[in-house]
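Each chain is listed here by its residues.
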Amino acid sequence: MKTTILIFLLFNVFLCSAQDSLFVKQTHTQIFSLSPISKKVDKVNGLVFGVGHFENKNIEKQTINGLNIEANPAPIAGVFIGFLSIIYMPEIIKNKSWKSSDSTRNDFKIENWNYYPKLKINGINLSSGCFFVSTEMNGLNISLGNKFEKLNGISIAPLGTLSDKQNGFSLGIINANTILNGAVFGLYNQTYQLNGLQFGLVNQVQKSTGIQVGIFNRSYSRGLQFGIWNKNIKHSFPIINW
C-alpha cells in the first residue's frame, strides 16, 4: 500500500512538471532579422533591417546586439516639426516661461512611452526616423530625430534627441532630457536635472549642478551660466552668472 501511494505521488509530481514545461516561454535568437521583428524572436545578434519598431502588446521585450538600420516614414512629419520649431522659436521660448518666476517646472520632464515591446539596442542605430516603442540605446545613434527611455552613448540627430535619462552626448536642433549626465549641443536645450553641460542658443533647466553656455540661459535653481543674458533663481547677469 505504501509503495502504491509513493508511486502515485511521484507520478503526479512528474505530470505537473511536464505540464509546467509546456508554458515556459521559448526564446529564439537570430543573427539577422527584418523589422518589425517577429514576436517569435527575442534577440538578434547581428543585423536588423526594415521599416522600424512599432507597438506590439504581444511582445514583452526584444534585444539587438549589433546594427539596427531603419527606413521609416517618420522623417516626413519630423522635418515639418523641425521647420516649425525654428520658425516659432520665440514662441517656444515664451511658452517655456523664460520670464516666469515659477520655480517648479515639472513639464520639463520627458514623458515615457510605456509601449511594448521594450527594445534594447547595444551597438549602432542608423535610422531615417525614430522609435515608436520604449527604447534603451547603448552605443551610437545617427538619425533625423529620436526619443529614448534611456540613452547611454552618443546621439547625432539633426532634428533633436529626447530622452528620459541620458548618459552621454547629443547633437541636434532641439534636445530635451529629464536627467542629463553629459552634454547636449543644439539651438534649444531643455533639461529637468542637469549634471553636465548645455551648449546652445537657448538653454533652460529646472535643477542644475552643471554648466549652461548660450545666448540666453535660464535656470530655476542655480548652476554656472555663460551667455549674453543669464537668469537663475537668485539673480540675472550678463556674461556670467552663478
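Bear in mind that the values here come from a model prediction, so they are computed numbers and not experimental data.

Engineer: Sorry if this is basic, but what is going on with the sheet that holds strand β1 (residues 29–35) here?
Structural biologist: Hydrogen bonding along the main chain pairs the strands of a sheet, whether they run parallel or antiparallel. As summarised here, the arrangement of the 12 strands in space is β1-β2-β3-β4-β5-β6-β7-β8-β9-β10-β11-β12, forming an open sheet in which the pairing is mixed. Each edge of the open sheet carries a strand with a single partner, namely β1 and β12 (236–241). In this sheet, adjacent strand axes meet at a mean angle of 40 degrees when their direction is disregarded. Note that strand β10 (residues 211–219) and strand β11 (residues 224–231) share 7 bridges and pair parallel. The residue of β11 that forms the bridge with N217 is N230.

Engineer: Help me out: how do you make sense of empty space enclosed by the protein in this one?
Structural biologist: Summary: where empty space remains is shown by rolling a probe the size of a single water molecule over the atoms. All told, the structure shown has 1 cavity of 30 Å³ or more when counted by the stated rule. Estimated volume of the largest cavity: approximately 70 Å³. Residue lining of the largest cavity: E111, N112, W113, V133, S134, T135, K147, F148 and E149, and that is the complete set. Looking at which element gives the most residues to the lining of the largest cavity, the answer is strand β6 (residues 145–156), with 3 residues. Partitioning the lining of the largest cavity into residue classes produces 3 nonpolar, 3 polar and 3 charged.

Engineer: Help me understand unusual backbone geometry in this model?
Structural biologist: A negative phi holds for most residues other than glycine; trans holds for most peptide bonds. In this chain, S35 is followed by P36 through a cis amide linkage whose omega measures 5 degrees. Note that P36 resides in the loop between β1 and β2 (43–50). Going from Y116 to P117, the amide bond is cis rather than trans, its omega being 5 degrees. Looking at the element boundaries, P117 is found in the loop between α3 (89–95) and β4 (118–127).

Rules used in this analysis
Residues numbered from 1 in each chain as written. Predicted model: local features only at pLDDT ≥ 70, side-chain atom pairs only at ≥ 80, totals over all residues. Heavy atoms only, no water. Pairing = 2+ DSSP bridges. Helix = DSSP H or I, 4+ residues; strand = E, 2+ residues; numbered from the N terminus. Axes fitted to C-alpha atoms, helices over the stretch in contact; angles between N-to-C directions. 1 Å grid on protein atoms, 1.4 Å probe; cavity = no way out; pocket = protein on both sides within 12 Å on 5 of 7 lines; lining within 4 Å. Points joined across faces, edges and corners; volume = space filled by probe spheres on them. Nonpolar A, V, L, I, M, F, W, Y, C, P; charged D, E, K, R; others polar.

These values are about where atoms sit, not about what they do.
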